[in-house]
Amino acid sequence: MAYASKKEEEGGLSSYYNNKTTIIQEARVFNESPISPRKCRALLTRIVYLLYIGESLSSQEATTLFFGTTKLFQHKDSALRQMVYLAIKELATTAEDVIMVTSSIMKDMQPNSEVIYRPNAIRALCRIIDPSMAQGVERFFKAAIVDRTPSISSAALVSSYHLYPHAKDVVKRWVNEAQEAVNAKSSPSFFGGSSGGYLNFGSSGASSSGYQPIPSTSYIAQYHALGLLYLIRKQDRMAVTKMIQQLGGGKSGAGTTLKNPMALCMLIRYAAKIVDEDPNVQRQMLDLLDGWLRHKSDMVNLEAARAMCEMKSVPTAQLSKAISVLQLFLSSPKPVLKFAAARTLASLALTHPSSVATCNVDLENLIADPNRSVATYAITTLLKTGNEASVDRLMKQITGFMSEISDEFKVIIVDAIRSLCLKFPTKHVSMLSFLAGVLRDEGGYDFKRAVVEAMFDMIKYIADCKEQALSHLCEFIEDCEFTKLSVRILHLLGMEGPGSPQPTKYIRFIYNRVVLENATVRAAAVSSLAKFGVNAIDVGLRRSIGVLLNRCLDDVDDEVRDRAAMYLKVMKERPLADVYIKEESVFSLAALESKLVAYISDPVAVSQPFDTTSIPKVSRAQLAAESVRQSTLDTIAVPVAKADPTPPPPTAADTQSAYLQQLAEVPELAEYGPVLNSSAKLAQLTESETEYQVTCVKHIFKEHIVFQFNVTNTLPDTILEQVSVIMQPQADCGLTEDFIIPVPALTTSTSPGIVYVSFSRDNPEEYATGSFQCTLKFVSKELDPSTGEPEDEGYEDEYQLEDVELAAGGDYIIPSYASFSSEWDRLRTGASSTETFSLTAMESIKAACDSIIEILNMEPLGGTETPTSPSVHTLQLSGLVNGGGGKVLVRCRMTYTKGEGVTLELGVRAEQERACALVVSAVSG
C-alpha cells in the first residue's frame with residue numbers, strides 16, 4: 001500500500017474533506033431514500049482513499065461504515081455496486097460481524113447475475129468468510145475458476161490463492177479446475193458472456209447481462225491459475241517438475257499452451273527453483289530454457305536468459321546463448337530492456353567475467369546512455385571484465401558522469417573501482433586520484449564510507465600507494481562531517497602512520513582534530529597521538545607528543561582527559577605500552593558476552609571481581625574478518641529474487657546464551673555454580689534419517705559435568721513417555737553418576753525434548769576424560785487418530801546411540817590467540833613437558849597439522865597451520881584450559897619421511913602442571 005506524501009495531499013482533496021470524523025458523519029447518506037448513487041460513490045471513494053493513505057479506523061467506526069455500506073446492495077447501479085464491494089473488502093479486516101453480509105454477496109455470485117458484479121463479489125467473499133465456511137462455497141469457486149469470462153476466472157483464482165493458507169484441504173480439491181484454467185484455449189473479455197460452464201454455474205449469458213463478448217488476447221487467467229497450481233503442488237517436487245514439462249512446450253517451447261508472457265515468466269522461475277533444489281534435472285530444464293530464449297515476448301526471453309545466468313554449473317555453450325540474447329537487448333531502444341540486460345550481465349560478471357567480455361563493445365556504447373542507471377551498470381560490468389589497458393580510458397569516462405547519478409549508484413561504482421584496483425595494482429595512481437576527487441564531492445554517509453573503505457583496502461594490499469592514500473585521508477578529515485569516519489581514519493593513522501618514512505607530517509592533522517572537533521573525535525585523536533609516541537624511534541618526537549598530550553589534560557570532556565592521562569603514564573613505562581597499545585590480541589566478544597551474562601546472573605559470583613583470565617582472545621585480524629562487511633558491489637549487483645529465505649545460523653554468543661537459559665530453568669542444577677564451558681558443536685548421536693534423532697551438548701562445571709541430550713520424535717502417530725538416556729562410562733574415568741532428568745512425554749509437536757544426565761567429578765582438580773556408551777530408553781504408545789489421545793498401554797523400547805566422548809579438546813581446552821614468541825618466553829619458568837611421537841599413519845605434514853589442531857582444539861598462530869615445506873615444519877598453538885587451568889602453548893616440531901610417516905616433537909608450556917599433562921595425554925591417547 002503506497003502512502004501519499006504531504007505534497008500529494010495538499011494537491012488533492014482538502015484536509016477537511018478527507019477528515020475521518022467528517023466522513024463518518026456524512027455516512028448518513030447511506031440511509032437516505034431514495035439512495036443517491038452519485039453521493040454514495042463519492043463518499044465510498046473518500047473512505048477507500050482514507051484507508052489507502054494509512055488512516056486507521058477503530059473497530060466501532062469500521063463496523064458502522066461497513067453496515068452502512070451494505071444497505072446500498074438494494075440499488076442496481078453497477079458503478080455504485082463496484083464501489084460497495086471495494087469498500088467492503090477494505091473494511092472487512094477491521095469491522096466486526098462482517099460474516100452477516102455473506103448472503104447478499106452470494107446473490108451476486110449466482111450465474112444469472114450481472115457479469116460485472118461477479119468478480120467483485122468473489123473478491124469480497126474471500127475476505128468475509130471464515131475458513132470453516134470454505135467448503136460451503138466450494139461449488140461457486142469451482143464454477144468461477146473455469147468460467148470463460150477472464151475477470152470472473154481471475155478473481156476466483158486470486159481469491160483461492162489468498163484462501164489457501166487458511167483452508168488448504170478445501171482449496172487443494174480445486175486443482176483440476178485450476179489445471180483447466182491454465183489450459184484455456186480462448187477467452188472473451190471482461191464484458192463478455194460465455195456458454196454453459198462447470199455444472200451450469202459458469203454460464204453468464206449475454207441475454208441476462210446485455211454485454212456482448214469481445215475476444216481477449218491477454219490470457220491473464222493463465223498467470224493466476226499457474227500461481228494457484230504451484231501453491232497447491234509446491235511440496236511435491238516431482239509434481240512441479242511434471243507440470244513444468246507439460247506446460248513447457250518441448251525443446252522449442254512452441255508447443256506450450258501458455259499464451260500469457262507473465263505466466264511463462266513464472267514457469268521459468270519455477271524451473272530455475274527446481275534446478276536449484278535438484279541438479280539432476282538441470283539438463284531437461286536447460287532444454288526448455290533454450291527454447292524460451294527464442295520466444296516472441298521480450299519479457300520471456302529476458303527471464304529465460306536471467307535464469308540461465310543465475311544457475312550453477314551451466315555449460316559454456318548454454319551460457320553463451322543467454323549472453324547473446326542479453327547482448328541484443330543492450331542495443332534495444334527500450335530503456336527497460338537495456339537496464340535489465342545490463343543488470344543481469346553485471347551480476348554474471350562476478351562469476352564469469354571472461355564470458356561477459358564479449359559484450360564489452362556494446363557496454364561501452366551505453367556509458368553515454370541518457371539513463372544513468374543503465375550507464376552505471378554498464379561501467380561496473382566493464383570494470384569487472386576489462387583488462388589493464390582499458391583502465392585509464394574507463395576512469396576518464398566515469399569521472400564525467402559521477403555528479404549525475406545518485407549515491408546508491410556511486411557506491412556501486414566505487415566498489416567496482418576498489419575491486420579493479422586490487423586486480424590491477426599497477427594502475428593504483430589513476431584510481432587513487434579518482435577516489436580522492438570524489439571524496440571531496442558532495443555525498444551522503446554511505447557513499448563517503450565506501451570511498452574511505454576503498455582507500456583502506458588500497459593501503460592494506462598495495463604498499464606503493466600507502467603514503468599518498470594516507471595524505472588524502474588526512475585532507476578529508478580536515479572537513480569531514482561524519483564522526484564515525486573521522487574516528488576510523490584517526491585509528492588507521494595511528495596504526496599505519498608511525499611506521500611511515502615521515503611520521504611527523506601526520507601529527508598536525510591529528511592534533512587539529514583535538515582542537516576543532518567534538519569529544520568523540522578528540523578522544524580518538526588522543527589515542528592516535530599516543531600510538532605515535534609509543535612507536536616513535538626519535539626521542540624528540542616522543543617529547544613533542546608528550547607536550548601535546550599534556551595540553552589535552554585540560555580538555556572539558558572527561559573521556560579525553562582520562563585517555564591523555566593514561567597514555568602519558570603508558571609512554572613512560574614500556575611494559576604498560578606493550579599491554580595497552582602494542583597488544584595484537586583482543587578478547588573474543590562472543591566469549592566475553594557469554595561470561596559477563598553468566599557473571600551477572602550468579603549472585604555468588606557477583607560478590608567477587610570479574611575474572612578475565614578464562615576468556616579466550618582472538619587476533620585483531622580475526623576480529624576484523626568476523627566483522628567485515630559484504631561488498632556493496634556483490635549485494636546490489638545481484639538480483640534479490642535468489643535470496644535464501646532461511647535465517648542465518650545463530651552466533652556462538654547466541655548459542656551459549658540459549659544454553660545458559662535452558663540450564664537456569666532446571667532447579668536440580670541451581671547449586672552447581674557458573675558454567676565453565678559448553679560444547680561449541682552439537683554431537684550427532686543418530687543418523688538424520690532415523691525415527692528418533694538425538695544430539696548431545698556437554699556442560700562443564702567446577703565439580704560436575706552435565707550431559708544435555710536433545711531428543712526429537714519424528715513419528716507423528718506415536719508418543720514417547722519416560723524418555724531417558726542411560727550412560728555407561730568406561731572404567732576409571734573419574735566420574736560418578738548423580739541423577740537423570742527424563743522427559744515425561746514427547747511428541748512431534750513438543751520435540752525436541754531435553755534429557756539431562758549429571759555426573760560428579762571425583763577430583764575437581766583433575767580433567768576427567770573418557771568414552772560413554774549411550775542408550776535411549778522410553779515407553780512407546782500409539783496415538784488415537786480420532787481423539788489424539790495416547791492408548792492406555794504401551795511397550796518399553798530402547799535405541800542404541802553413538803558413543804559420547806569427553807575429551808581434552810573442545811571440552812576443557814578452548815582456542816585463544818597469543819603472541820607466541822613473547823608468551824613462550826614468559827612461560828619458560830612455568831610447567832613444561834616435551835614428548836616425541838611417531839605418527840606412522842600420517843601421509844603428510846599437512847594431515848598431521850590438521851589432526852593435532854582437531855584433537856587439541858587450539859588456535860594455530862602465525863599461519864603455521866599451513867606447512868611451507870613438505871619435509872620439515874613447526875606448528876604453534878595457543879589455548880586456555882577452563883576451570884583455572886590458565887594459558888597453554890604448544891610447539892609441534894615435525895619431520896616427514898616417506899614410508900615412515902611423521903615424527904613429532906611435542907613441546908608444551910603452561911601456567912599449571914595439570915594443564916600441561918592434559919595436552920600431553922590428549923596427543924598420546
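Residues numbered from 1 in each chain as written. Predicted model: local features only at pLDDT ≥ 70, side-chain atom pairs only at ≥ 80, totals over all residues. Heavy atoms only, no water.

We now examine the overall build of the chain. Secondary structure assignment for the chain yields 41 helices and 21 strands. Counting over 925 residues, the chain shows a buried share of 49%. If you take every contact in the chain between residues at least 6 apart in sequence, the share linking residues at least 24 apart comes to 67%. In the form shown here, the chain has an accessible surface area of approximately 45,200 Å², with 52% of it arising from carbon and sulfur atoms. (Helix = DSSP H or I, 4+ residues; strand = E, 2+ residues; numbered from the N terminus. Buried < 20%, exposed > 50% of the residue type's maximum accessible area, 1.4 Å probe, protein only. Contact = heavy atoms within 4.5 Å. Areas by Shrake-Rupley, 256 points an atom, 1.4 Å probe, with all protein chains shown as cover.)

This next bit is on helix α26 (residues 445-461). End to end, α26 covers 24 Å across 17 residues, agreeing with the expected 24 Å (1.5 Å per residue, within 8%). Listing the buried residues of α26 in full gives Phe 447, Lys 448, Ala 450, Val 451, Val 452, Glu 453, Ala 454, Met 455, Phe 456, Met 458 and Ile 459. Next to the buried residues of α26 lie α24 (407-423), α25 (428-439), α27 (466-477) and α28 (483-496). (Expected span 1.5 Å × (residues − 1).)

Turning next to the side chain of Lys 448. Mapped onto the elements of the fold, Lys 448 is located in helix α26. Glu 481 provides the closest opposite charge to the buried, salt-bridge-free Lys 448, at an N-O distance of 5.4 Å. When near neighbours in sequence (up to four residues on either side) are disregarded, Lys 448 contacts Val 438, Leu 439, Asp 441, Glu 442, Gly 443, Phe 476, Phe 482 and Leu 485. (Lys, Arg positive; Asp, Glu negative; His and termini not counted. Salt bridge = Lys/Arg side-chain N within 4 Å of Asp/Glu carboxyl O.)

Here we come to unusual backbone geometry. Note on backbone geometry: most residues besides glycine have negative phi, and most peptide bonds are trans. For Ser 313, which is not a glycine, the phi torsion comes out positive at approximately 55°. By secondary structure assignment, the location of Ser 313 is in the loop between α17 (298-310) and α18 (316-330). A positive phi angle is found at Asn 857, which is not glycine, with a value near 55°. A relative accessible area of 28% means that Asn 857 is categorised as partly exposed.

With that settled, the discussion passes to the packing of aromatic side chains. Scanning the entire structure with this criterion turns up 14 aromatic pairs. An angle of 85° between the planes, with centres 5.9 Å apart, marks the rings of Tyr 377 and Phe 409 as edge-to-face. Of this pair, Tyr 377 sits in helix α22 (residues 372-385) while Phe 409 is found in helix α24, placing the two residues 32 residues apart along the sequence. Exposure class is identical for Tyr 377 and Phe 409. Each is buried. Among the aromatic residues, ring-to-ring pairing joins Phe 339, Tyr 377 and Phe 409 into one connected group. Taking NZ or CZ as reference, Lys 410 lies 5.2 Å from the ring centre of Phe 447, over its face. The ring of Phe 509 carries Arg 508 above its face, with NZ or CZ at 4.2 Å from the centroid. (Phe/Tyr/Trp six-rings, centres within 6.5 Å; stacked < 30°, edge-to-face > 60°. Lys NZ or Arg CZ within 6 Å of the ring centre and 35° of its normal.)

Moving on, we come to helix α30 (residues 519-535). Here α30 spans 25 Å end to end across 17 residues, near enough to the 24 Å set by a 1.5 Å rise per residue. Among the 17 residues in α30, 14 count as buried, and that is most of the element. For α30, the N-terminal capping position is held by Asn 518, with its side-chain oxygen 3.2 Å away from the main-chain nitrogen of Thr 520. (Polar contact = N/O pair within 3.5 Å; in protein donor to acceptor, adjacent residues only side chain to side chain.)

Right, let's talk about the state of the cysteines for a bit. A complete count under the given rule lists zero disulfides for this structure. Unpaired in this structure, Cys 359 has its nearest cysteine sulfur neighbour in Cys 309, at a distance of 9.3 Å. Cys 849 takes part in no disulfide bond, and the closest cysteine sulfur to it belongs to Cys 892, at a distance of 7.7 Å. Under the relative-accessibility criterion, Cys 849 is labelled buried at 0%. (Disulfide = S-S within 2.5 Å.)

Turning next to the confidence of the model for the chain. This prediction gives the chain a mean pLDDT of 79; 88% of its residues lie at or above 70. Between residues 186-215, whose pLDDT stays under 50, and residues either more than four places distant or in other chains, the model counts 77 contacts. pLDDT under 50 marks residues 629-646. Its contacts with residues more than four places away, or in other chains, come to 33 contacts. (pLDDT = per-residue confidence, 0-100.)

The interhelical angle for the contact between helix α13 (residues 220-233) and helix α14 (residues 237-248), taken along N-to-C directions, is 155°, at an axis separation of 9 Å. For the element pair α13 / α14, the angle class is roughly antiparallel. Every pair of crossing elements has a handedness; the one defined by α13 and α14 is right-handed. Here Leu 226, Leu 229, Tyr 230 and Arg 233 of α13 come into contact with α14, specifically with Ala 239, Val 240, Met 243 and Leu 247. The residue makeup of the contact of α13 with α14, split by class, is seven nonpolar, no polar and one charged. (Axes fitted to C-alpha atoms, helices over the stretch in contact; angles between N-to-C directions. Parallel < 35°, antiparallel > 145°, perpendicular 65-115°, else oblique. Left-handed = near helix turned anticlockwise from the far one by under 90°. Nonpolar A, V, L, I, M, F, W, Y, C, P; charged D, E, K, R; others polar.)

In this sheet, strand β13 (residues 770-782) lies alongside strand β9 (residues 718-729) in antiparallel orientation, the contact comprising ten bridges. In the strand pairing of β13, Ile 726 is matched with Thr 775. (Pairing = 2+ DSSP bridges.)

Proximity of charged atoms lets side chains of opposite charge pair with each other. Taken as a whole and judged by the stated rule, the model has 29 salt bridges. Arg 173 is the partner of Glu 138 in a salt bridge, and the nearest nitrogen-oxygen pair spans 3.0 Å. Pair noted here: Glu 138 is in helix α8 (residues 138-145) and Arg 173 is in the loop between α10 (168-171) and α11 (175-182), with a separation of 35 residues, a long-range link. Look at Arg 173 and you get partly exposed, because its relative accessible area is 39%. Glu 496 is paired through a salt bridge with Lys 466; the nearest N and O atoms lie 3.1 Å apart. Of this pair, Glu 496 sits in helix α28 while Lys 466 sits in helix α27, and the two are 30 residues apart along the sequence. The class of Lys 466 is partly exposed, set by a relative accessible area of 25%.

What follows concerns a positive patch on the surface. On the surface, Lys 168, Lys 172, Lys 234 and Lys 273 cluster together to form a positively charged patch. By the element assignment, Lys 273 lies in helix α15 (residues 261-277). (Patch = residues over 30% accessible without salt bridge, like charges linked within 9 Å, V, L, I, M, F, W, Y side chains within 5 Å. Charge placed at Lys NZ, Arg CZ, Asp CG, Glu CD.)

A separate point is a negative patch on the surface. A grouping of Asp 717, Glu 782, Asp 784, Glu 789, Glu 791, Asp 792 and Glu 793 is seen on the molecular surface, where their side chains present a negatively charged patch. Topologically, Asp 717 is positioned in the loop between β8 (704-713) and β9. On the basis of relative accessibility, which here comes to 42%, the residue Asp 717 falls in the partly exposed class.

Tracing the chain through its elements places Gly 885 in the loop between β19 (872-881) and β20 (886-897). Its relative accessible area of 0% is what places Gly 885 among the buried residues. In the structure, Gly 885 is positioned 272 residues away from Thr 613 in sequence and 9.7 Å away in space, judged by C-alpha atoms. Not counting the four nearest positions on each side in its chain, Gly 885 is found in contact with Tyr 767, Glu 911, Gln 912, Arg 914 and Ala 915.

Another point: the environment of Lys 89. Here Lys 89 shows up in helix α5 (residues 78-91). Taking the C-alpha atoms as reference, Lys 89 lies 7.7 Å from Ile 128; in sequence the two are 39 residues apart. With residues up to four places along the chain from it excluded, the contact list for Lys 89 reads Arg 123 and Arg 127.

It is the contact of helix α4 (residues 59-70) with α5, at a shortest axis distance of 10 Å, that shows an interaxial angle of 155°. With respect to α5, the axis of α4 lies roughly antiparallel. Note that α4 runs across α5; the crossing there is left-handed. The segment α4 lies against α5, with Ala 62, Leu 65, Phe 66, Thr 69 and Thr 70 engaging Val 84, Ala 87, Ile 88 and Leu 91. Tallied by class, residues from the contact of α4 with α5 come to seven nonpolar, two polar and no charged.

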